[in-house]
Amino acid sequence: MARTEETGQAEPHASAFDTVPSTTPPSPGQPAGQPGACMPRWLPRALVLALALIAVFQLAGWAFHQLLGLLVNLLIAFFLALAIEPAVSWMASYGLRRGLAAFLVFFSLVIVTAGFITLLGSMLAGQIIKIVEDFPNYLDSVISWINTHFDTELKRVDVQEGLLRSDWLRDYVQNSATGVLDVSAQVLGGLFQLLTITLFSFYFAADGPRLRRALCSVLPPARQAEVLRAWEIAVDKTGGYIYARGLMALISGIAHYIMLQALGVPYAPVLVVWVGLVSQFIPTIGTYLAGALPMLIAFTVDPWYALWVLVFVVIYQQFENYVLQPKLTAKTVDIHPAVAFGSVIAGTALLGAVGALIAIPAVATLQAFLGAYVKRYDVTDDPRVHGHRSRGSGTGLVTRVRRMRAQQSGERATAGSAEGSS
């Protein structure tokens, strides 16, 4: 009876609060006595860590974009130091200090470059003066040719006044005047960049052994041998690439010298040096810059000579691109011509002209380094390896076709004889 009273008293109490006791067990991370779910203790720390990683990533991206120019200059300086490393090591082997050897190499390069620029500048100045002095005669010959072939009555005075009073000439002069500061800033920036590359190249070449020791000091002995081997491969491949470019510049200079001498174009020795160096060591636009100057000089002699120079430059460039350059570059840096061409395209897409210049030695170095760790096997003596199909398979195929045709003709003959007998 007491039990019934207690039950009766409990029911109104439950209906008053209108609650149903929960039968769900507490979660593993939730204390048994607390109602509802609470925030995990690791969640705030994870949020702070994620925000910190995002901030570090943004800061690293900003710093990389700000230092991209310096990194590109360091990359150029490193490959330039690799290119002169054989000469510096050869001089150091005779007891000369590496710093003095590197200085002598760079001083020789500066002297040669300054002499070439001086000769080229004097030649251009003389030719520009000659073009300005002979411009009235050229204009008279052009006007005479137009009047003869088109029955016009043009005069040089009218053409000159029309040019001087034209709107495009006024706009061109104004734009040129406003662009002088931009050109000056670009020239100063280029000189500063050249100075930066030269200084870093000198330090890399002079302190090459010290740099290798510093790099190897943070690596275990097994890795040190691999780093030194990769360094030696990079020196060999970069030197081979420079050798290939120099050889192609020599061949190009000889070919253009013969052509210019045959046409009687003045300053042929300076022009062939210009064509050889610019076309080989300035990627992408070097060919056009190299061919424009001989055309201009040839135009001062005879306008038709400029056309002949243009034709020769185009033909020789095709010969160099498709015959000479792939074979010679692949032979000196030991990579396939298609790989060399593809690496130049990829380097241009990534770093522009700088990437095109260093793409081939970089790919050759990587290929030679990886080739030392890739296991190779002897190729089986199969005619298909050499691109030849086996004689038996070809004969069997022909034989099967002939048998099928013979069988079809036999069936037709049998059917025809059966119809005749019926």
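In this report, the structure presented in the accompanying data block is examined. Quantities reported herein were computed from a predicted structural model and do not represent experimental measurements. (Residues numbered from 1 in each chain as written. Predicted model: local features only at pLDDT ≥ 70, side-chain atom pairs only at ≥ 80, totals over all residues. Heavy atoms only, no water.)

### Quick word on the overall build of the chain
Next up, step 1: Helix and strand counts for the chain come out as 15 helices and zero strands.
Next up, step 2: Residues counted as buried form 23% of the 422 residues belonging to the chain.
Next up, step 3: A separation threshold of at least 6 residues defines the contact pool for the chain, and within that pool the share at least 24 residues apart is 62%.
Next up, step 4: Roughly 29900 Å² of accessible area belongs to the chain as shown, and the carbon and sulfur atoms make up 68% of that amount. (Helix = DSSP H or I, 4+ residues; strand = E, 2+ residues; numbered from the N terminus. Buried < 20%, exposed > 50% of the residue type's maximum accessible area, 1.4 Å probe, protein only. Contact = heavy atoms within 4.5 Å. Areas by Shrake-Rupley, 256 points an atom, 1.4 Å probe, with all protein chains shown as cover.)

### Some words on the packing of aromatic side chains
Next up, step 1: All chains considered together, the criterion is met by 11 aromatic pairs.
Next up, step 2: Ring plane angle 15° and centroid distance 6.3 Å describe the contact between Phe312 and Tyr316, whose orientation is recorded as stacked. Of the two residues, Phe312 and Tyr316 both sit in helix α12 (residues 303–333), four residues apart, roughly one turn of that helix.
Next up, step 3: For Tyr316, a relative accessible area of 9% translates into the label buried.
Next up, step 4: Members of the aromatic cluster, each reached through a chain of ring pairs, are Phe78, Phe79, Phe200, Phe204 and Trp231. (Phe/Tyr/Trp six-rings, centres within 6.5 Å; stacked < 30°, edge-to-face > 60°.)

### Some thoughts on a nonpolar patch on the surface
Next up, step 1: A cluster of nonpolar side chains, contributed by Trp304, Leu307, Trp308, Leu310, Val311, Val314 and Ile315, occupies part of the molecular surface with about 720 Å² of accessible area.
Next up, step 2: Mapped onto the secondary structure, Val314 falls in helix α12.
Next up, step 3: In this structure Val314 comes out as partly exposed when scored by relative accessible area, which is 43%. (Patch = residues over 30% accessible without salt bridge, like charges linked within 9 Å, V, L, I, M, F, W, Y side chains within 5 Å. Salt bridge = Lys/Arg side-chain N within 4 Å of Asp/Glu carboxyl O.)

### Some words on the nonpolar core
Among soluble globular proteins, nonpolar side chains are generally buried collectively.
Next up, step 1: Residues Leu120, Leu260, Val265, Leu271, Trp274, Leu293 and Val309 are the most contacted members of the largest nonpolar core, which totals 20 residues.
Next up, step 2: Contributions of two or more residues to this core are made by α4 (98–150), α9 (221–263), α10 (268–281), α11 (286–301) and α12.
Next up, step 3: At seven residues, α10 tops the list of elements feeding residues into this core.
Next up, step 4: By size, the runner-up hydrophobic cluster in this structure holds 10 residues, among which are Ala81, Val88, Val105 and Ala205. (Core = buried A, V, L, I, M, F, W, Y, C linked by side-chain atoms within 4.5 Å.)

### Points about the packing of α10 against α11
Next up, step 1: Between α10 and α11, the shortest axis-to-axis distance is 7 Å and the interhelical angle comes to 165°. With respect to each other, α10 and α11 are oriented roughly antiparallel. Where α10 crosses over α11, the two elements pack in a sense that is left-handed. Residues Leu271, Trp274, Val275, Val278 and Ser279 of α10 lie in contact with α11, whose contacting residues are Gly286, Thr287, Leu289, Ala290, Leu293, Pro294 and Ile297.
Next up, step 2: Looking at the contact of α10 with α11 residue by residue, the classes come out as nine nonpolar, three polar and no charged. (Axes fitted to C-alpha atoms, helices over the stretch in contact; angles between N-to-C directions. Parallel < 35°, antiparallel > 145°, perpendicular 65-115°, else oblique. Left-handed = near helix turned anticlockwise from the far one by under 90°. Nonpolar A, V, L, I, M, F, W, Y, C, P; charged D, E, K, R; others polar.)

### Considering the layout of surface pockets
Next up, step 1: Roughly 1800 Å³ of volume is contained in the largest pocket.
Next up, step 2: The wall of the largest pocket is formed by 37 residues, among which Leu80, Thr113, Leu194, Phe281 and Leu357 lie closest to the centre.
Next up, step 3: When residues of the lining of the largest pocket are assigned to their parent elements, the largest contribution, eight residues, is made by α4. (1 Å grid on protein atoms, 1.4 Å probe; cavity = no way out; pocket = protein on both sides within 12 Å on 5 of 7 lines; lining within 4 Å. Points joined across faces, edges and corners; volume = space filled by probe spheres on them.)

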